[in-house]
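Coordinate inspection notes
Spelled out from the first residue to the last, the chains are:
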Amino acid sequence: MHKIRHMDNFRISRLEVNNIGPFGHLVVDFPEKPADMDHCAEIHILTGENGTGKTTVLEMLTSGIIPFINNPWRRVRSNLKNSDFTIDFDVHGTRKCWIDKNGTQTGDRNPSYLEEKFSNSINKGIIGAFGIGFFAYSGYRRIEQTRIKGISELENQPFSDSLNFQTSINPQLILQWVANTITKEALAKNQNDHVLALKFRSTISNLEKVISEIIEKPVRFRLEYEPLNVIIEVAGETLDFNLLPDGLKSIVSWIADLLMRMDRVKWENDTPVFERNFILFLDEIEVHLHPAWQRTVLGALQRAFPRCQFIVTTHSPQVLGEVPNDAVVLLNAFGAYHPPAPTEGRDANAILWEVLGVTAHPMAVTRELDAIADLLDARRYDEARARLDAIARRLT
């Protein structure tokens, strides 16, 4: 009999694919984190060249949880009849989905645990209590300018579009939630309900803490009343949300959206948000982020959400350098496997060359060096020396 470890986490352990996207047949394993890593989230990073199927994998995983959410059927090989994918949810069961050449998706019933803890409420519109959550965000997100007009409760369901990579973020809802929470804190203080006031303050403080750890600067959210507006202080500098740099706006938007949704979910018990079990899908996490933030983002998230399973795609050597290579899945024409070279703690140039197969030098310089190597092979030493001196003069 299997023993469910790590506080009974619900997780994805394997994906098997037939004839979808670039894959004829593919198996991707997502091994469980070591037992001594309960203080950090489980993380799996998909990497590889463009066109190797990283996003397709995420689309299948999310569509296996909520059908039709991210359209993996548009990637079906139309000349083939049998296209399917199977998701193993570790000890909780499996789900197989079939996609025909017309794009129709069918599938087995979800495992009973998933039905009970999530799917029944989503698919049948039952406003029940949730035991697990699923969220998805894309790096390529255009955040529209927005303003709040007053204090008003949010009416949309917290899991609405939560697995849609393209539409999961609504900045209007995020700012409204921040404004509402700060207002509720003030009202609770005014009524001498210090316990409730602390609850609302902790919600905002948690958001500030996660963002601060990523950008390595103190962050604070404030509500101004004339005119009514949410203001963000970064290292003492006051910034309007609409005027944030793209990188900072990206980080603030999806992390605030995640915490907003988790704060608003009707959970089955009173476990704190940061100790909840959920699965988070992040497509191209590095987009808009400075290399320094690419190095800090995963560590901050892993520490903040120790019961989460992260499944992430990236091209960034900075991101890859923060995790061991058994957490990295390299996709190429031959399948999915762990990189042969180590990743954790390596510098970006080593990862570019040894893991991603990209030279550390600009292409023009690489071509020059290759030409010099050819001259040396031909024993044309004077010409080789002249060209090498020319490169040295140009680059110094």
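Residues numbered from 1 in each chain as written. Predicted model: local features only at pLDDT ≥ 70, side-chain atom pairs only at ≥ 80, totals over all residues. Heavy atoms only, no water.

Our focus in this paragraph is the pattern of salt bridges. Applying the stated criterion across every chain yields a total of 21 salt bridges. Across the salt bridge formed by Arg-11 and Glu-42, the nearest N and O atoms sit 2.7 Å from each other. Note that Arg-11 is positioned in the segment before strand S1 (14-20) and Glu-42 in strand S3 (residues 42-47), a separation of 31 residues in sequence. Residue Glu-42 is classed as buried on the basis of its relative accessible area, which comes to 6%. The shortest N-O distance in the salt bridge between Arg-220 and Glu-233 comes to 3.8 Å. With Arg-220 in strand S8 (residues 219-225) and Glu-233 in strand S9 (residues 228-234), this residue pair connects regions lying 13 residues apart in the sequence. What makes Glu-233 buried here is its relative accessible area of 18%. A single network of salt bridges, built from pairs that share partners, joins Glu-185, Lys-189, Arg-201 and Glu-208. (Salt bridge = Lys/Arg side-chain N within 4 Å of Asp/Glu carboxyl O. Helix = DSSP H or I, 4+ residues; strand = E, 2+ residues; numbered from the N terminus. Buried < 20%, exposed > 50% of the residue type's maximum accessible area, 1.4 Å probe, protein only.)

Reading across the sheet, the three strands line up as S8-S9-S10 and stay open at both edges, with antiparallel pairing between neighbours. The strands lining the two open edges of the sheet, one partner per strand, are S8 and strand S10 (237-240). Direction aside, the axes of adjacent strands within the sheet are offset by 35° on average. Across seven bridges, S8 lies against S9 in antiparallel orientation. Bridge pairing in S9 places Arg-220 opposite Glu-233. Against the sheet, helix H3 (residues 171-190) touches S8 and S9, its axis set at about 80° to S8. Packed onto the sheet, helix H4 (residues 194-215) meets S8 and S9 and runs at close to 135° relative to S8. (Pairing = 2+ DSSP bridges. Axes fitted to C-alpha atoms, helices over the stretch in contact; angles between N-to-C directions. Contact = heavy atoms within 4.5 Å.)

What follows concerns the nonpolar core. Counting 102 residues, the largest nonpolar core has Phe-221, Trp-254, Ile-255, Leu-280, Phe-281, Phe-305 and Phe-310 as the members making the most contacts within it. Among the elements that make up this core, the one with the highest residue count is helix H5 (residues 246-264) (ten residues). When sequence neighbours within four positions are dropped, the list of residues in contact with Phe-305 reads Ala-41, Leu-258, Leu-259, Phe-274, Phe-278 and Phe-310. (Core = buried A, V, L, I, M, F, W, Y, C linked by side-chain atoms within 4.5 Å.)

This next bit is on unusual backbone geometry. A cis amide bond, omega 0°, links Glu-226 with the succeeding residue Pro-227. Among the secondary structure elements, Pro-227 is positioned in the loop between S8 and S9. Although it is not a glycine, Ala-235 sits at a positive phi angle of roughly 50°.

The share of residues in the chain with pLDDT of 70 or more is 91%, and the mean pLDDT across the chain is 87. Element-level pLDDT for the chain is lowest in helix H2 (residues 112-124), with a mean of 77, against a maximum mean of 97 in strand S12 (residues 308-313). Within the model, pLDDT remains below 50 along residues 1-7, and this stretch shows twelve contacts once partners closer than five positions in the same chain are excluded. (pLDDT = per-residue confidence, 0-100.)

The next subject is the pairing of strand S7 (residues 133-138). Burial within S7 is extensive, with six of its six residues counted as buried. Alignment of S7 against strand S11 (residues 278-283), held across six bridges, turns out to be parallel. Pairing of Phe-135 across the sheet is with Leu-280, part of S11.

Here we come to the sheet that holds S3. Pairing within the open sheet is mixed, and its six strands lie in the order S7-S11-S12-S3-S13-S14. Unpaired on one side and paired on the other, S7 and strand S14 (335-337) mark the two borders of the sheet. Adjacent strand axes in the sheet meet at a mean angle of 15°, parallel and antiparallel pairs treated alike. The pairing of strand S13 (residues 328-332) with S14 spans three bridges and is antiparallel.

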